[in-house]
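Residues per chain, in single letters:
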Amino acid sequence: MSISRKAVRQLAASAGLAALITSYGLAAAETERPVIEEIIVTATLRESNLMETPQAISAVSAEQIDALGAISMDDLFRNIAGLNATEGAATGSKRYTIRGVGSQTGTDAFAQTFAAVSVYIDDTPMTASGGPARQIAGNLFDIDRVEVLKGPQGTLFGEGSVGGTIRFIQNKPDVDSFDWKVKAGLNARDESDDLGHRLDAMVNIPIADNFAVRINGYTNERAGWIDKTDLGEDDVNSETTLGGRIAALWLASERLTVEAGIAISETETEGGIATQRLYEDFRNIRQPGRDPFSEDETSIYTLDLDYEFDFATLQTSFSYLDRETVRETESPLSNAAFFDSFVQLFVLFRGPSNPLEVPALVSEGWVINPDFATASNLFALNVNDTAKTERTTFEAKLLSNGEGNLRWVAGIFVKESDDLRLAFQPFQLRPDLDTVSAPTVNATYLAFFTDPANNNASTLDEVSVFGEATYAFLDDAMEITIGGRYTDMKQSLDDSNAKTTDKVFSPKFGISWVPREGLLTYFNITTGFRPGNVNPGQEFNVRLLSGAGDNIIPANPFVPNPDDLTGNEAAALAQSLISFEGDSVVSYELGLKARLFDNRWNVAASIYYFDWEDTILSFNQFNLPSLNRFYNDNAGAAHTQGIELELVGNITDNLRLRLGGDLNESELDEMAGVVPKGTDLPRSPEWSANATLDYTWQLSNGIAVNWMVNHTRVASQLANLGLPDRLPKTEQTDTRISVSSPNDTWQVSVFATNLTGEDEVVFDCSSFGTGPCFGNQAPRLIGLEFTFRPQQ
């Protein structure tokens, strides 16, 4: 089938996809291009017309997601060139990096940053506010596709899109046909005595010719595989996910379309996932009644209204997001000893202004021994960390009708986000230091471990206006795109006098050329920015150090005072470190997309260079006489550069191959503190590669048998800036055999994930006084899955 790009755009626009098509820059050309019929039937941007998009986009369709057996981005990211995702020690701890650009710091409440990769579900911004390592992994049931837009997306997606944007596009209600689907599975994992299961269900109900409702629900029980050997507990890290969505679509008239939706999800992990030996936790101290856990609860409410004028289409989107993540983690006795010494020094620092405190504490049995190795008073210490977001957004954009050589889009975006980061440390003192016998000791430790500096309660207000125009010439073989976005953001903190303000213009320029049918070349210059923030931990230092007044703070081997600063001088130094500015990226990308061998193969290749200015990094102020010397600040500059290649095609009519990979260099361009120029950026592997091979046998009775094997590799990567520790190279092989009925009403699949049982370290959670702390690849998983769906 051959159809012009203009016809594709008009057909898809009639299905309500004008915004996507304009934002992806499909040309208004009469040039004939091969476009598979599926695009016209479903009116979605799938693989074929993504090949006509002058931008680096990786899209994974629902069919590919099902073939891989992916449940979330945990199962998917390794198959997307240029995308990296690192895990943390709790549920909802995903951190994304695209083309080497990600958040290098900012996970702790006392020194938090915004994310450098934005995440959307449809048109709802889901980008984490409580630190960059709290991104969603997304549920992939009843989804149309996942898109990864590579490179800064500041013009259309605003702040936080310095590395790129990840979009989860859900299926919409269908007014034309009744449909349902049920998927059920059972699985067993190495290192686990329990079974896991999943159950997903969807129903689409056309209530009238112009009104339909789509409802889905899902549950997934993941069996644990980590043993807490010191307590004799097995498989402590089991995880349960529940969720669902209801969406309604009303074709109110030939011009007006209304869609509303509610989506709710909840994920809970029992026990911790941090270990000190392979799949074993034997050092973390358990406090009575305070088992480790993590929870992630999300509710999304949306309302979209589209109205088609004669000259353009107006699209409006309202969304409300309520998300809360809570986690409690344990630590070993060495961590308690470390912070016990910290509290002792805290008390000694303020001794000159409170001379009666130390005698009172000692009289209750308190011991002074700040050697950072002995737990003199404190025997156990947990961390309880909550991040809560209530976010309201509104976007209105007007899109031209696509006729003629000029296409354009103009819009406004408004956001108000109330974000809370609340961290405190539940603790356990020596048995004789109970609240009755030692009330002053308990009150002192309680005040220290609930200090407001561990919290970050803020309100973020944003207003943005944006626009983009594309003009086609030379018989529509060439296009030029110019766009820009002006953003005015203000952040205020409840427990701080510090505020941040960002007024940023993000321009865009692109040019594309189609020298012949089936070949697209393009060059883009795009920009993105990330807002600044504050370091509440330094406000803690201001309160701590000012207690010494004009007295010189005494030095010790663990807290030196090389400049002999007084309390007031040290407090002034800490005050100067409280806030930092935002950073920005300019990307230069040259790309090529081609169809080869009678359109049996698609090739997409790109070369890019990112100029990263005012990069937000973590520093250590050695002249500050405090244990808490860490703070975020703007480092100067960094860059990333690399190449990407994706190849998809049919070797035979039944055998299909998909290859992808990238090479990347991500380095500091200037010295950052004591970290030298040329140092690798964390979580930016130098290369990654993926390959998927699937073969289908069509039997004589109409039954189809499909076999898929997928192999991925990711190079080693730096865990933290300026430290030598690296996460090792990882690889994983997954396979699936599926048997389908002639009319696809049922399918039975047998699958294996991590077939070869790889167990490399995938995250490092070591910190002050914890000793070894890490997590490994999940053990091999073998399962059976059934899918039922009526004949279409």
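Residues numbered from 1 in each chain as written. Predicted model: local features only at pLDDT ≥ 70, side-chain atom pairs only at ≥ 80, totals over all residues. Heavy atoms only, no water.

Chemist: Before we move on, could you go through the packing of helix α7 (residues 333–349) against helix α9 (residues 439–449) and cite the residues and values that matter?
Modeler: Between α7 and α9, the shortest axis-to-axis distance is 11 Å and the interhelical angle comes to 100 degrees. For the element pair α7 / α9, the angle class is roughly perpendicular. Contacts between α7 and α9 involve Phe339, Asp340, Phe342, Val343, Phe346 and Val347 from the first element and Thr444, Tyr445, Phe448 and Phe449 from the second. Residue composition of the contact of α7 with α9, by class: eight nonpolar, one polar and one charged. (Axes fitted to C-alpha atoms, helices over the stretch in contact; angles between N-to-C directions. Helix = DSSP H or I, 4+ residues; strand = E, 2+ residues; numbered from the N terminus. Parallel < 35°, antiparallel > 145°, perpendicular 65-115°, else oblique. Contact = heavy atoms within 4.5 Å. Nonpolar A, V, L, I, M, F, W, Y, C, P; charged D, E, K, R; others polar.)

Chemist: Explain the packing of aromatic side chains to me, using residue names and the numbers behind them.
Modeler: Scanning all chains against the criterion turns up 18 aromatic pairs. Aromatic pair Phe427 and Tyr445: ring centres 6.2 Å apart, planes at 40 degrees, arrangement tilted. Taken together, the residues Phe427 in strand β24 (residues 427–429) and Tyr445 in helix α9 connect sequence positions 18 residues apart. The buried category is assigned to Tyr445, whose relative accessible area is 1%. An aromatic cluster is built from Phe338, Phe339, Phe342, Phe372, Phe427, Tyr445, Phe448, Phe449 and Phe540, whose rings are joined through pairwise contacts. (Phe/Tyr/Trp six-rings, centres within 6.5 Å; stacked < 30°, edge-to-face > 60°. Buried < 20%, exposed > 50% of the residue type's maximum accessible area, 1.4 Å probe, protein only.)

Chemist: Residues and numbers for a nonpolar patch on the surface, please.
Modeler: A cluster of nonpolar side chains, contributed by Phe178, Trp180, Ile205, Ile207, Trp746, Val750, Leu784, Phe786 and Phe788, occupies part of the molecular surface with about 800 Å² of accessible area. When residues in the nonpolar patch are grouped by element, the largest group, three residues, is from strand β45 (residues 781–788). Here Trp180 shows up in strand β12 (residues 179–189). The exposure class assigned to Trp180 is partly exposed, which follows from its relative accessible area of 32%. (Patch = residues over 30% accessible without salt bridge, like charges linked within 9 Å, V, L, I, M, F, W, Y side chains within 5 Å. Areas by Shrake-Rupley, 256 points an atom, 1.4 Å probe, with all protein chains shown as cover. Salt bridge = Lys/Arg side-chain N within 4 Å of Asp/Glu carboxyl O.)

Chemist: Pulling in residues and values, what's your account of the pattern of salt bridges?
Modeler: If you walk through the whole model with that rule in mind, you get 44 salt bridges. Taking the shortest distance from any N to any O, the salt bridge between Glu324 and Lys388 comes out at 4.0 Å. Of this pair, Glu324 sits in strand β20 (residues 312–329) while Lys388 sits in strand β22 (residues 383–400), and the two are 64 residues apart along the sequence. When salt bridges with common partners are traced through the structure, they connect Arg99, Lys150, Glu589, Glu644 and Glu646 into a single cluster.

Chemist: Report on the sheet that holds strand β3 (residues 57–61), specifying residues and quantitative values.
Modeler: The five strands lie next to each other as β3-β10-β11-β8-β9, forming an open sheet whose pairing is mixed. Unpaired on one side and paired on the other, β3 and β9 (124–125) mark the two borders of the sheet. Summarising the sheet, β3 and strand β10 (residues 143–150) pair through five bridges and their orientation is antiparallel. From the neighbouring strand, Ala59 faces β10, where its bridge partner is Glu147. (Pairing = 2+ DSSP bridges.)

Chemist: Tell me about unusual backbone geometry, residues and numbers included.
Modeler: Even without being a glycine, Arg99 presents a positive backbone phi close to 55 degrees. Tracing the backbone through its elements, the reader meets Arg99 in the loop between β5 (95–98) and β6 (107–108).

Chemist: So what's going on with the side chain of Thr735? Residues and values would help.
Modeler: Summarising the element assignment, Thr735 is placed in strand β41 (residues 730–740). Here Met708 takes part through its backbone oxygen, which lies 2.8 Å from a polar atom of the side chain of Thr735. When near neighbours in sequence (up to four residues on either side) are disregarded, Thr735 contacts Trp707, Met708, Val709, Val750, Phe751, Ala752 and Leu755. (Polar contact = N/O pair within 3.5 Å; in protein donor to acceptor, adjacent residues only side chain to side chain.)

Chemist: Requested: an account of the environment of Lys150, with residues and values cited.
Modeler: Along the chain, Lys150 falls in strand β10. In sequence terms Lys150 and Gly483 are 333 residues apart; their C-alpha atoms lie 17 Å from each other. What Lys150 contacts, discounting residues up to four positions off in sequence, is Ala56, Ser58, Ile80, Ala81, Ile98, Arg99, Gly163, Glu589, Glu644 and Glu646. For Lys150, the side chain forms a polar contact with the side chain of Glu644, separated by 3.3 Å.

Chemist: Break down the confidence of the model for the chain for me, citing the residues and quoting the values.
Modeler: With 91% of its residues at a pLDDT of at least 70, the chain reaches an overall mean of 87. Every residue in residues 1–46 is under pLDDT 50, and counting partners more than four places away or in other chains gives 120 contacts. (pLDDT = per-residue confidence, 0-100.)

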